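Working through the structure, step by step
In case you want the letters, here they are:
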Amino acid sequence: MLEFRDIVTPVDCLVTETTTLQEAVEIFREKKWNLLPVTDTEKNLLGVFTRSGLYQMILEGSPLETAILPYIKKEARSIRIDTPYREIEQIVKTSKVGTGVVLDEQDKVIGLLTKTEMVVALLKSANTLKDQLETILQHSNIGVLMTDGRMQMIYANEAFTKISGRTLDSIISRKLGDIFPGLLNGDDTPHHYEKFKSILHISSYETVNHEEGKILLFQDISEFEKMAEELETVKKLKLTIETT
């Protein structure tokens, strides 16, 4: 499993309130970072010096020996290296900051993490097909079933429980054929599955044990059928009115 610290960019230079414009320019040029964490000599975070601050100093004609102190942003997004996965996930979803400063367990600056790296980390941490499906389809209205190579069900999403009328506990770890007999019989091409009023799509994937597992997608068409029935009722009513 990928760990948070594995995707953190280490900060191996010291930027303080007395760092000069020239020193900052050289660090930006070498590191290609979007911001520099500003610390004291003990690596305690004091703020950040951004590229915007750098450009402002240059536009104002500041001498190269000018200290960056007046241009330091005191409010800085920081993330501890021991931050739980769920909190990192929320940061990715809600943060408007492109780069965060990473602190160790003693709140000392140790690195940087860009939002791009955060997203990549979340995707890589979902390192099984089951996790990836759960991440992608947790809010989908398509019902999803997934089996391992022994046709034992290892995943079902909430949409499928609504379509099938079953609870997750009654599905997971059961044999597919035991509770849905005949489901895999016949053609693998998309077809109408009357029992759940769905279009059924079946595909295969290779498990980590090099066996063949199944992914079943149920596209609920009950609403369409209901609309068709209502339309047919309207047509009959219209015909009745016209013939009376």
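About the criteria used
- Residues numbered from 1 in each chain as written.
- Predicted model: local features only at pLDDT ≥ 70, side-chain atom pairs only at ≥ 80, totals over all residues.
- Heavy atoms only, no water.
- Helix = DSSP H or I, 4+ residues; strand = E, 2+ residues; numbered from the N terminus.
- Contact = heavy atoms within 4.5 Å.
- Areas by Shrake-Rupley, 256 points an atom, 1.4 Å probe, with all protein chains shown as cover.
- Core = buried A, V, L, I, M, F, W, Y, C linked by side-chain atoms within 4.5 Å.
- Buried < 20%, exposed > 50% of the residue type's maximum accessible area, 1.4 Å probe, protein only.
- Pairing = 2+ DSSP bridges.
- Arc of directions from axis to C-beta.
- Salt bridge = Lys/Arg side-chain N within 4 Å of Asp/Glu carboxyl O.

**Some details on the overall build of the chain**
The number of helices and strands found in the chain is eight helices and eleven strands. Counting contacts in the chain only where the partners sit at least 6 residues apart, residues at least 24 apart contribute 47% of the total. Of the roughly 15000 Å² of accessible surface on the chain, a fraction of 54% belongs to carbon and sulfur atoms.

**Some points on the nonpolar core**
The biggest cluster of nonpolar side chains holds 22 residues, and the ones touching the most others in it are Val-15, Leu-36, Phe-49, Ile-68 and Val-101. Of all the secondary-structure elements, those providing two or more residues to this core are helix H1 (21-31), strand S2 (35-39), strand S3 (45-50), helix H2 (51-59), strand S5 (99-103) and strand S6 (109-114). The leading source of residues in this core is H1, at four residues. Excluding its chain neighbours within four sequence positions, the residues that come into contact with Val-15 are Ile-27, Leu-36, Pro-37, Val-38, Thr-39 and Ile-68. Formed by 16 residues, the second largest nonpolar core is a distinct cluster that contains Met-153, Phe-160, Ile-171 and Leu-176.

**Points about the sheet that holds strand S1 (residues 9-10)**
Ordered in space as S1-S6-S5-S4, the four strands form an open sheet in which the pairing is mixed. Single-partner strands in this sheet number two, and they are S1 and strand S4 (78-80). With two bridges joining them, S1 and S6 adopt antiparallel strand pairing. Paired with Thr-9 across the bridge in S6 is Leu-112.

**Overview of H1**
Residues Leu-21, Ala-24, Ile-27 and Phe-28 constitute the buried set of H1. Considered in projection along H1, the buried side chains sweep an arc of 125° and stay on one side of the axis. Across from the buried face of H1, at angles greater than 90 degrees, the exposed residues are Arg-29 and Glu-30. Buried residues in H1 make contact with S2, S3 and H2. With its phi angle positive at about 60°, Lys-32 sits one or two positions after the end of H1.

**Quick word on the side chain of Thr-99**
Looking at the element boundaries, Thr-99 is found in strand S5. Judged by its relative accessible area of 7%, Thr-99 falls in the buried class. Filtering out sequence-adjacent residues up to four positions away, Thr-99 remains in contact with Asn-34, Leu-35, Leu-112, Leu-113 and Thr-114.

**Quick word on the pattern of salt bridges**
Counted by the stated rule, this structure contains eight salt bridges. Close ionic contact of Glu-17 with Lys-74 constitutes a salt bridge, the shortest N to O distance being 3.3 Å. Of this pair, Glu-17 sits in the loop between S1 and H1 while Lys-74 sits in the loop between H2 and S4, placing them 57 residues apart in sequence. In this structure Glu-17 comes out as partly exposed when scored by relative accessible area, which is 28%. Overlapping salt bridges, with partners in common, bring together Asp-12, Glu-30 and Lys-31 in one network.

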